[in-house]
Amino acid sequence: MWHSVRSVRHVGKLSKFHCRWCSCRNSVKHSAHYDVIVIGGGHAGCEAATAAARMGANTLLLTHKVHTIGEMSCNPSFGGIGKGHLMKEIDALDGVCARICDKAGIHFKILNKRKGPAVWGPRAQIDRELYRHYMQDEIMSTPNLSIKAVPVEDLIVEEQKQSNTDVIKRICKGVCTSDGTSILGHTVVITTGTFLRGEIYIGLERWAAGRHGDQPSIGLAKTLEEAGFKVGRLKTGTPARLNGKSICFERLQGHQADTAPTPFSFVNNTVQIKPEDQIPCYLTHTTPEVEKIVLENLHLNTHVKEDTNGPRYCPSIESKVLRFKHRSHQVWLEPEGLNSDVIYPQGLSCTLPEHLQRDLIRKVPGLENATLFRPGYGVEYDFIDPRQLKPSLETHLISNLYLAGQINGTTGYEEAAAQGLVAGMNAALRVQDKPSFTIGRTEGYIGVLIDDLTTQGVTEPYRMFTSRAEFRLYLRPDNADQRLTIKGFQEGCVTDHRYQMAASMATKIVTGIDLLNSMVMSTPKWCQKLNIHMSKKEKISAFDVLHHKDVTIEKLAQVYPELQHLAEDTDLSKRLKIEAHYAPVMWQVQADIEEVRKDEELILPEDLDYRSINISEEMRERLSQVRPTTIGAASRIPGVTPAAVVLLLRQVRKKIARHRKHVSMS
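Novice: Honestly, the packing of aromatic side chains in this entry has me stumped. Any pointers?
Specialist: The geometry of an aromatic ring pair is captured by two quantities: the separation of the ring centres and the angle between the planes. Under the counting rule described, the total for this entry stands at five aromatic pairs. For the pair F78 and Y413, a centre-to-centre distance of 5.2 Å together with 45 degrees between the ring planes defines the contact as tilted. Taken together, the residues F78 in strand 5 (residues 77-79) and Y413 in helix 10 (residues 413-431) connect sequence positions 335 residues apart. The buried category is assigned to F78, whose relative accessible area is 0%. Among the residues examined, Y413 registers a relative accessible area of 8% and is labelled buried. With a centroid separation of 4.7 Å and 40 degrees between ring planes, the pair formed by F249 and Y282 is classed as tilted. With a gap of 33 residues between them, F249 in the loop between strand 15 (241-243) and strand 16 (253-255) and Y282 in strand 17 (residues 281-285) connect regions that are remote in the sequence.

Novice: How should the pairing of strand 6 (residues 105-111) be read in this particular structure?
Specialist: Two faces make up the sheet, and in a regular strand the side chains alternate between them. Burial of strand 6 is extensive: five of the seven residues sit out of reach of the surface. Taken together, the six bridges between strand 6 and strand 7 (residues 121-126) define a ladder with antiparallel strand orientation. Across the sheet, H107 pairs through a bridge with Q125, a residue of strand 7.

Novice: I tried to follow the packing of helix 3 (residues 97-104) against helix 4 (residues 128-141) on my own but got confused; where do I start?
Specialist: Helix packing for two helices is described by the angle between their axes and how far apart those axes are. Look at helix 3 against helix 4: their axes get within 9 Å of each other, and the N-to-C directions meet at 135 degrees. Considered as vectors, helix 3 and helix 4 are oriented oblique to each other. Once helix 3 is placed against helix 4, the crossing between them reads as right-handed. Of helix 4, the residues touching helix 3 (which contributes C97, R99, I100, C101, K103 and A104) are L130, Y131, Y134, M135 and E138. Grouping the amino acids of the contact of helix 3 with helix 4 by side-chain chemistry returns eight nonpolar, no polar and three charged.

Novice: Mind showing me how you'd approach unusual backbone geometry here?
Specialist: Trans peptide bonds make up the majority, and among non-glycine residues the majority have a negative phi. Here the phi dihedral of N400 falls at roughly 65 degrees; this positive angle occurs in a residue that is not glycine. Take N400: it is sitting in the loop between strand 22 (398-399) and strand 23 (401-403). Although it is not a glycine, N531 sits at a positive phi angle of roughly 60 degrees. If you trace the backbone, N531 turns up in the loop between helix 14 (523-530) and strand 25 (539-541).

Novice: What is the right way to read the side chain of H107 from this model?
Specialist: As for its position among the elements, H107 is in strand 6. At 2.7 Å, the side chain of H107 and the backbone oxygen of I279 are in polar contact. Residues in contact with H107, not counting those within four places in the same chain, are R123, A124, Q125, H255, Q256, A257, Q278, I279, P280 and C281.

Novice: Help me understand the environment of S349 in this model?
Specialist: Its location among the elements puts S349 in the loop between strand 19 (342-346) and helix 9 (354-361). Overall, S349 belongs to the buried group, its relative accessible area being 9%. In the structure, S349 is positioned 143 residues away from G492 in sequence and 41 Å away in space, judged by C-alpha atoms. Setting aside chain neighbours within four positions, we find S349 in contact with G237, T238, P239, P315, S316, I317 and E318. Of note is the side chain of S349, whose polar atom sits 3.4 Å from the backbone nitrogen of T238.

The rules behind the values
- Residues numbered from 1 in each chain as written.
- Predicted model: local features only at pLDDT ≥ 70, side-chain atom pairs only at ≥ 80, totals over all residues.
- Heavy atoms only, no water.
- Phe/Tyr/Trp six-rings, centres within 6.5 Å; stacked < 30°, edge-to-face > 60°.
- Helix = DSSP H or I, 4+ residues; strand = E, 2+ residues; numbered from the N terminus.
- Buried < 20%, exposed > 50% of the residue type's maximum accessible area, 1.4 Å probe, protein only.
- Pairing = 2+ DSSP bridges.
- Axes fitted to C-alpha atoms, helices over the stretch in contact; angles between N-to-C directions.
- Parallel < 35°, antiparallel > 145°, perpendicular 65-115°, else oblique.
- Left-handed = near helix turned anticlockwise from the far one by under 90°.
- Contact = heavy atoms within 4.5 Å.
- Nonpolar A, V, L, I, M, F, W, Y, C, P; charged D, E, K, R; others polar.
- Polar contact = N/O pair within 3.5 Å; in protein donor to acceptor, adjacent residues only side chain to side chain.

Written out as structure tokens, the structure reads:
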């Protein structure tokens, strides 16, 4: 049951719904019924809404302000190491952010190129205004998608008694908005970012806000807490925005973009900006004077003194000074747009009073005369313990209610967008009465992200890194379409055009490898013709030779002219080179993946009673809290012992055996 100090109101035909009405209390208006309602127009919300609509669901996107849909609230960039992998996977499932970045990008660069292609990080600086403009165009032109600017204050929840049991099941049936309207929906996706009871901090001042200039979501935060969700607090921050005209760039180290920009999207061969028009970024460093200002003014910084956990991997300058004393820290000066003077000082997030922020910034080389458009600030907000979610991102407590983005304890546009895409797909599949769509740890970084969240929870804002994936040699940026596009197409989320492109590329890769394997010569002959050195003496194929660091498809085509068509297809030739690079170890990787998949195929019943299993009370509590869907997921829950997993496995096998016996007898 709902336990609330606010009254429960029954209204007309909705009398069976147990709701707490906020501004709906005195005047209730009913609107149309939707298949999917998405709350929030940030990166998670945009992906959730467009995914659901793409699958044919009648979708409504609710946001505080239409003109902030697609807003890049913090850094003016997408991608990077780990995050770039998410971008490629989102695009492989026909998500929108990668295509928008290819239009709005102003500086494209592949990070980590000194290492193997499995951990390369596609990244781009983005023009904020262009991104928001193109994203809003995409949202407004998406079929089956409606938009309404109104805050959501409450959820409409129905309590249903399960047949032949005393179990009461709660089902989300819609939302109540601040203008007194109740909007019915088959499913609801919440993507509120940092807005749940959000507070902004600058120095010792604090005020209620989801981000600069936007009101927080208070009513919805109370609703979730009173519904029984375990709620925590996290914090993040953003640096001051600097006037580029006041910066002495001549003194700084400039970093140019790649001369041949690599698009995020598999459907694009090029990006919108011309290579020569890309804008450079600049690098500078903090000084001992910066550290001195921070240490002398900690008493004026509420955000640093708070016990709430902030991001470990994108910390404020105050946190870096306290954690790594007497060190110089990088500060990247990133442009915010083609026609903007605003510079984003990445690495200089700060919540000191504004006058001290100005003093601190002016102690950084190149910024001695810098002026601020806006001071940096910290944000503290509610999040829901993600262990209360299924891998589909549906909540355990309330059916048909999905959560995605920072509300689940993550940080970053890419992590939010990935969750939004999965939540939106599953909300639409629920409407269609189809099984949930999930991505396993062996299938994609999105799977790693969601599995980490739902089995381990978070103690600090979660950020994706390649090191989190066990099978990163397989989960590469280049093959995301081969891993996920067909899977997404089968669920109705991927367009036929994208599917045909991925299928065609798959055929070309297989055909290309077969052709390369058919061309065999002795190693000395290959070395002579290609002017390379190899220690082997036996006969090897052109595909084997392609593994050599100095050999490319273009070089092989000089020896075998019949390979010229492969060389002329730039994307294909790059992919074949990467396939050859990892071919010697991929058999072992695939074997390891199959072992893990065996565990993932052992599905745990959703109604499994952990009290019936002969394990310790601690193990029961941990398993009951997370309610893992597979044996593999159970084994990854912190604190769950291998012995408990074995007992759980026995219980599942007994249940399967009983079921088979019952079926055979009937």
